[in-house]
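So you can see what is in the structure, the chains are spelled out below.
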Amino acid sequence: MMNLSIVIALLASPAPEGALVISRAGSRDVQPAPAENFTGNARVERLFDARDPSHASGGTVAFEPGARTAWHTHPRGQTLIVTAGTGRVQAWGGPIEEIRTGDVVRIPAGQKHWHGAGPRTAMTHLALTEHRDGSVVEWLEKVSDEQYGAPASPEPSRPSGTVQPRIAPGLATLTDDVLFGDVWKRPDLSPRDRSLVTVSVLIATGKPAQLTGHLGRALDNGVKPSEASGLLAHLAIYCGWPSAVSALEVYDQVYTARAIDTAALRAVDARLPAAPADAARARAVGEELGAVAPKFVQLTNEVVFDDLWRRSDLGRRDRSLVTIAALAAMGDDDQLDSYLRGGVENGLTRAQIAEAVTHLGFYAGWAKSTKAMKAVVRSLGK
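Overview of the structure. Keep in mind that what you see is a predicted model, and the values were worked out from it rather than measured.

## Comments concerning the packing of helix α5 (residues 191–204) against helix α11 (residues 316–329)
Two numbers describe a pair of packed helices, the interaxial angle and the distance between the axes.
Reasoning step 1: The contact between α5 and α11 brings their axes to 8 Å, and the two run at 40 degrees. Between α5 and α11, the crossing angle belongs to the class labelled oblique. You can see that α5 and α11 cross each other, and the crossing is right-handed. Contacts between α5 and α11 pair R192, D193, L196, V197, S200, V201 and A204 from the former with R317, D318, L321, V322, A325, A326 and A329 from the latter.
Reasoning step 2: Of the residues belonging to the contact of α5 with α11, the class tally is 9 nonpolar, 1 polar and 4 charged.

Written out as structure tokens, the structure reads:
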């Protein structure tokens, strides 16, 4: 999938005649936003500069919670495309507007305004601007805390946010008191494992809007970027390529916002040793399916188990956990038995598996969790 920033660069900044110029992701410097024009922590990546005959330039700005620009104007206006998180924008004399992933903001020429993250939420946007006589922006005074609307000592935010209590108070109660107030805090499964389960379910069920926050939570809970990327490759096999590829844009946004060194993800480590039961499993697959689908047997044995399961970017225990979560989320409980037994062989306990299946009920639905729990009893006993 081509990165959106590359598409914009190619469209808005044409190359010399006869030449195609590609600015590769990860090749551009990311700089701290200048303190004289910003409040709080923000990072700026210049994607492309204006090149005749175009007057357009563009960049990505990643705001940490509470960060925002100063008041400013643009002689030819500006277009913002929110690529991750939730933030704020305000025109002089107008109300503060909340902006979310996917929103597009068009700012008229000469309009005094500011934009940035929410008080407790990060936000990343693309900014597309045209210059007039070499000028693209006029910086003005900073946005005060009073104008920004964030209390000096904000109260802890509720997991349900601001919309759930207003629109669906019953849902807000379940979110605050049950899901995050109880389930996420249960010691039967670590926060890291719960994040692995949640991210796997969201990828398997195609929920990229919710994946943004939970991928960030996973990194905060101790999942390494290499492990998160290994999980995505693993689930391409078990959920299908479209599910994995659909999550790539979210990964790119989260990694960019956190300035993660993606070059390090390409490092190749030594493979894990083959599992003791692999030889018997390979023979069983060949005996059952070899006469009908020899290529399928070859791919199963050589790619799925002798390659994917032996990659060291994600340990066998974690691969078992995310596979169980994904299969359960998709309702493929008839495929769970061997992976449940393999999970125990790879270091998961029956209690951890049962807790993971309980957890995923909130993200895949109670019916899927119930079917998977019956498979747990069938395979591992009561």
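Now, onward.
## Quick notes on the packing of aromatic side chains
Reasoning step 1: All told, the structure shown has 10 aromatic pairs when counted by the stated rule.
Reasoning step 2: Between W71 and W92, the aromatic rings sit 4.9 Å apart at their centres with planes inclined by 80 degrees, giving edge-to-face as the arrangement. Residue W71 is found in the loop between β5 (68–69) and β6 (72–73), and its partner W92 is found in the loop between β7 (78–91) and β8 (97–100); the two are separated by 21 residues along the sequence.
Reasoning step 3: On the basis of relative accessible area, W71 is assigned to the buried category, the value being 2%.
Reasoning step 4: Relative to Y339, the ring of W309 has its centre 6.4 Å away and its plane inclined at 25 degrees; by these criteria the two rings are stacked. One end of the pair, W309, is in the loop between α10 (294–305) and α11; the other, Y339, is in helix α12 (residues 336–345), with 30 residues separating them in the sequence. A single burial state applies to W309 and to Y339, both of which are buried.
Reasoning step 5: One aromatic cluster is present, built from ring pairs that chain together Y238, F305, W309 and Y339.
Reasoning step 6: Across the ring face of W184, the terminal group of R217 is positioned such that the distance to the ring centre comes to 4.9 Å.

## Some words on the nonpolar core
Reasoning step 1: Ranked by internal contacts, the top residues of the largest apolar core, which has 57 residues, are V201, I203, L211, L231, Y238, Y251 and L336.
Reasoning step 2: Looking at this core, the element that brings in the most residues is α11, giving 8 residues.
Reasoning step 3: Residues within four places of Y251 in sequence aside, it is in contact with V199, I203, L211, L215, A228, S229, L231 and L232.
Reasoning step 4: Core analysis: the second largest hydrophobic core is formed by 15 residues, F38, A42, F63 and A67 among them.

## Considerations on unusual backbone geometry
Across the chain, the bulk of peptide bonds are trans and the bulk of non-glycine residues have phi less than zero.
Reasoning step 1: Positive phi, normally seen in glycine, also occurs at A259, with a value near 55 degrees.
Reasoning step 2: Relative to the helices and strands, A259 is located in the loop between α8 (241–257) and α9 (278–289).

## Thoughts on the side chain of R319
Reasoning step 1: When you line up the elements, R319 lands in helix α11.
Reasoning step 2: A polar contact is formed between the side chain of R319 and the backbone oxygen of L314, at a distance of 3.0 Å.
Reasoning step 3: When sequence neighbours within four positions are dropped, the list of residues in contact with R319 reads G230, H234, L308, W309, R311, D313 and L314.

## Comments concerning the pattern of salt bridges
Reasoning step 1: By the definition in use, this model includes 22 salt bridges.
Reasoning step 2: One salt bridge connects R100 with E98, and the closest N-O pair in it is separated by 2.9 Å.
Reasoning step 3: R100 gets classed as partly exposed once you look at its relative accessible area, which sits at 38%.
Reasoning step 4: Across the pair D193 and R317 runs a salt bridge, and its minimum N-O distance is 2.7 Å. With D193 in helix α5 and R317 in helix α11, the pair connects residues that are 124 residues apart, well separated along the chain.
Reasoning step 5: Under the relative-accessibility criterion, D193 is labelled buried at 4%.

Quick notes on the rules
Residues numbered from 1 in each chain as written. Predicted model: local features only at pLDDT ≥ 70, side-chain atom pairs only at ≥ 80, totals over all residues. Heavy atoms only, no water. Axes fitted to C-alpha atoms, helices over the stretch in contact; angles between N-to-C directions. Helix = DSSP H or I, 4+ residues; strand = E, 2+ residues; numbered from the N terminus. Parallel < 35°, antiparallel > 145°, perpendicular 65-115°, else oblique. Left-handed = near helix turned anticlockwise from the far one by under 90°. Contact = heavy atoms within 4.5 Å. Nonpolar A, V, L, I, M, F, W, Y, C, P; charged D, E, K, R; others polar. Phe/Tyr/Trp six-rings, centres within 6.5 Å; stacked < 30°, edge-to-face > 60°. Buried < 20%, exposed > 50% of the residue type's maximum accessible area, 1.4 Å probe, protein only. Lys NZ or Arg CZ within 6 Å of the ring centre and 35° of its normal. Core = buried A, V, L, I, M, F, W, Y, C linked by side-chain atoms within 4.5 Å. Polar contact = N/O pair within 3.5 Å; in protein donor to acceptor, adjacent residues only side chain to side chain. Salt bridge = Lys/Arg side-chain N within 4 Å of Asp/Glu carboxyl O.

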